[in-house]
Amino acid sequence: MDKPFDKKAFMTDVINLIKQKTGIDCYVADNPGPQQAYPFFTFDFIDSHIPLPITDNLDYEVFEMAIHFDCHSQSMYEADMYANQLSKLIRSQVMDMLGVQDSFYVIDVDSVENTDNEISIQVEHRSGFQVNFRCQDSFVDDVTTLGDIELNGKQFPKTK
């Protein structure tokens with residue numbers, strides 16, 4: 001049995017592109033560990049597997065993912081500016097080219113909004129948006145077909 005869509009490899013490629021094009025690091029949201037240097041991006045899977053109602057395919061399934069991105073900064077203006085830069089990057093041709101390589105494409109990018117946390121607003125400001133990606137995995141079910149069945153030690157006869 002093949003493995004389904006590799007979300008870690010997908011996000012590694014997206015994070016590397018973000019760093020390459022913006023110079024800003026991107027981390028998993030709510031990542032335990034030391035405080036990152038401002039500004040930085042975070043992402044969080046809102047829904048990592050949304051089945052499409054138009055298909056019930058198991059092999060090479062096409063599905064969608066919803067991911068929220070935030071820019072964290074000590075400045076409200078900087079958070080908004082970098083979140084908008086990231087939004088444009090995700091809608092750009094370079095992201096489309098990465099999608100061709102990694103079997104995904106961008107379906108929808110919501111508008112950038114203030115996502116400040118009222119508890120930590122004295123420390124940091126956030127702006128963010130949601131992205132919906134459509135992906136295709138390489139999973140193939142190992143199903144025994146009639147052509148694979150043996151009857152009395154001989155291959156099952158095929159009908160014409």
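This one's a predicted model, so the numbers in the text were calculated from it and none came from an experiment.

(A) Layout of helix α3 (residues 93-102). Met-95, Leu-98, Gly-99 and Asp-102 are the residues of α3 that are buried. An end-on view of α3 places all buried positions within 105° of arc, on one side of the element. The exposed set on the far side of α3, more than 90 degrees from its buried face, consists of Gln-93, Met-97, Val-100 and Gln-101. Contact partners of the buried residues in α3: α1 (7-22), α2 (76-90) and β4 (104-109). Two residues or fewer after α3 comes Ser-103, characterised by a positive phi angle close to 60°.

(B) Seen up close, the state of the cysteines. Considering all chains together, one arrives at 0 disulfides under this definition. With no disulfide of its own, Cys-71 lies 9.8 Å from the sulfur of Cys-26, the closest cysteine sulfur. Look at Cys-71 and you get buried, because its relative accessible area is 0%.

(C) Expanded view of the pairing of strand β3 (residues 62-73). With respect to burial, β3 is a largely interior element, 11 of its 12 residues being buried. Bridging between strand β2 (residues 40-51) and β3 involves 9 bridges; their strand directions are antiparallel. Looking at the pairing, Phe-40 lines up with His-72 of β3.

Rules behind the numbers
Residues numbered from 1 in each chain as written. Predicted model: local features only at pLDDT ≥ 70, side-chain atom pairs only at ≥ 80, totals over all residues. Heavy atoms only, no water. Buried < 20%, exposed > 50% of the residue type's maximum accessible area, 1.4 Å probe, protein only. Helix = DSSP H or I, 4+ residues; strand = E, 2+ residues; numbered from the N terminus. Arc of directions from axis to C-beta. Contact = heavy atoms within 4.5 Å. Disulfide = S-S within 2.5 Å. Pairing = 2+ DSSP bridges.

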